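Reading the structure
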Amino acid sequence: MTTNGVNGVNGTHGNGTNGTSKGQTWLQKLDELLNVDVDWMDPTYSKNLSITPNDQTSNNLWVNQQMDHEENKEMVKQVCKELKSQGWKAAYTRIAVNMCKNNIDNIRGRVLLQVYPNEAYDTQAVLDSARAYAKEFERVGISQDRYCIKIPSTGPALNACQTLKKEGIRTLGTALFGLPQAIACSQAGCLYISPYFNEVKAHDDLKLWPDVEDPATQHTMSARTMQILETYARLYKETGKEQPLLKQASFITAKEAMAAGEMGCHSATISPQVLDELASLQYDGSKQPGEGVPKPAHVYSNAKTPERLLKVSKVDPLKAAEIDGKLASTDIDYLANNGAELEKAIKADPITVQRLKDALELFTGGLMESKGKIEKMFEKV
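Residues numbered from 1 in each chain as written. Predicted model: local features only at pLDDT ≥ 70, side-chain atom pairs only at ≥ 80, totals over all residues. Heavy atoms only, no water.

1. With respect to the nonpolar core
Of all hydrophobic cores here, the largest spans 117 residues; its most connected members are Phe137, Leu158, Ile270 and Leu278. Counting residues per element, this core draws most heavily on helix H5 (residues 88-103), which supplies nine residues. Residues within four places of Phe137 in sequence aside, it is in contact with Val97, Cys100, Val111, Leu113, Ile142, Tyr147 and Ile149. (Core = buried A, V, L, I, M, F, W, Y, C linked by side-chain atoms within 4.5 Å. Buried < 20%, exposed > 50% of the residue type's maximum accessible area, 1.4 Å probe, protein only. Helix = DSSP H or I, 4+ residues; strand = E, 2+ residues; numbered from the N terminus. Contact = heavy atoms within 4.5 Å.)

Have a look at this one:
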């Protein structure tokens with residue numbers, strides 16, 4: 001077990017620590033290892049955290065839930081009144097951006113919104129959705145360096161990213177479950193990627209959750225996480241081209257979030273439930289299976305897999321026996337022909353096929369509920 005000190009942390013993090021582990025919570029420790037993001041849109045929650053979150057992430061489920069919050073009801077009604085003639089999508093976009101505007105002063109970095117998951121295989125629809133968000137962000141005075149658009153990691157959707165980047169709109173590749181999708185996101189010029197540490201269904205069905213003592217070495221998604229990090233570090237070294245920053249998502253426990261810190265992820269986007277667990281635990285390095293190093297100025301320039309984790313990427317417990325290793329290669333152009341090679345690689349991996357489908361269906365459910373609420377409100381106003 002390593003015993004790295006906390007000196008050399010980039011910048012101050014407003015977490016009240018004094019450079020030692022004395023009286024430090026797991027959350028404060030994790031904030032030294034990576035950028036902690038809040039995966040929730042409630043300004044009161046973000047404001048009351050013991051650390052200042054870096055980014056605020058969201059998805060179509062969170063937007064849908066926030067629409068029912070008391071403090072948003074009048075805003076939702078007003079937007080529906082203003083945009084009734086423009087249809088539900090215009091209203092939804094403005095509502096989601098207004099929610100981000102309400103929280104942006106409580107975070108350091110960017111607010112993130114997700115395009116329509118039911119249009120994940122339509123490049124033009126993805127472009128239209130991202131540009132509509134961008135227009136609304138501009139309207140409320142949020143500059144391009146303070147927001148990012150979440151794009152599902154399908155071939156057609158990722159084909160929108162280079163165009164958006166040229167327009168100054170940065171993207172995150174979401175619903176990502178394996179190395180081919182991560183390489184495609186690099187080729188697409190994404191700023192971030194968010195591999196899901198746990199599949200979305202595991203949050204409601206714990207039988208699907210790998211409940212392990214040491215997530216960094218034992219969780220079934222750790223191998224793929226390390227494969228992505230090691231591939232990005234190699235690509236950066238070989239090409240000098242900036243690679244997407246790995247923003248790990250979909251944690252069920254605090255120890256999974258701590259594992260992201262040890263593995264060397266740039267950031268972790270964390271639900272209120274797991275943030276509260278992290279904030280309630282006193283940190284004791286001697287009781288941790290491993291420990292990360294303070295976050296570096298550049299995540300890939302001197303990236304080094306921790307000694308304890310050197311074997312993790314070598315065996316993928318999720319890999320089907322018949323998968324051809326050549327499907328994940330940095331020499332393949334995954335975006336050509338509307339992402340044909342990426343779709344081929346996804347189809348060859350049953351895990352990605354199922355988890356991508358589940359994620360898109362889950363978020364589409366949230367989106368359609370929002371659509372129903374907005375259309376109902378249109379009738380009233």
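Alright, that's what it looks like, and here's the rest.
2. Structural notes on the sheet that holds strand S5 (residues 192-195)
Spatially, S1-S7-S6-S5-S4-S3-S2 is the arrangement adopted by the seven strands of the open sheet, whose pairing is parallel. Looking at which strands have only one partner, the edges of the open sheet turn out to be strand S1 (35-38) and strand S2 (111-114). For this sheet, the mean angle separating the axes of adjacent strands, direction not counted, is 30 degrees. Note: S5 against strand S6 (residues 245-248), two bridges, orientation parallel. Considered in S6, the bridge of Ile193 is made with Leu246. (Pairing = 2+ DSSP bridges. Axes fitted to C-alpha atoms, helices over the stretch in contact; angles between N-to-C directions.)

3. A word on the packing of helix H3 (residues 60-67) against helix H15 (residues 350-380)
Between H3 and H15, the least distance of the axes is 7 Å, while the angle of their chain directions is 30 degrees. It follows from the interaxial angle that H3 and H15 lie roughly parallel. Crossing angle aside, the handedness with which H3 passes H15 is left-handed. In contact with Asn60, Leu61, Asn64 and Met67 of H3, H15 contributes Leu362, Phe363, Gly366, Leu367, Glu369, Ser370, Lys373 and Ile374. (Parallel < 35°, antiparallel > 145°, perpendicular 65-115°, else oblique. Left-handed = near helix turned anticlockwise from the far one by under 90°.)

4. Quick word on the environment of Phe137
With respect to the helices and strands, the residue Phe137 is situated in helix H6 (residues 123-139). Taking the relative accessible area as the measure of exposure, Phe137 reaches 0% and is therefore buried. Here the alpha-carbon distance between Phe137 and Ile351, two residues 214 residues apart in the chain, equals 35 Å.

5. Remarks on the packing of aromatic side chains
Summed over the entire model, instances satisfying the criterion amount to eight aromatic pairs. Each ring, one from Trp88 and one from Tyr92, has its centre 6.3 Å from the other, and the planes form 70 degrees; the classification is edge-to-face. Remark: Tyr92 and Trp88 occur in helix H5; sequence separation between them is four residues, near one turn of the helix. For the pair Trp88 and Tyr92, a shared accessibility class is recorded, and that class is buried. The interplanar angle of 10 degrees and the centroid separation of 4.2 Å between the aromatic rings of Phe137 and Tyr147 together place this pair among those described as stacked. Of the two residues, Phe137 sits in helix H6 while Tyr147 sits in strand S3 (residues 147-152), which places them ten residues apart along the sequence. For the pair formed by Phe137 and Tyr147, the shared burial category is buried. Among the aromatic residues, ring-to-ring pairing joins Trp88, Tyr92 and Tyr116 into one connected group. Over the face of the ring belonging to Tyr192 we find Lys247, whose NZ or CZ atom lies 3.9 Å from the ring centre. (Phe/Tyr/Trp six-rings, centres within 6.5 Å; stacked < 30°, edge-to-face > 60°. Lys NZ or Arg CZ within 6 Å of the ring centre and 35° of its normal.)

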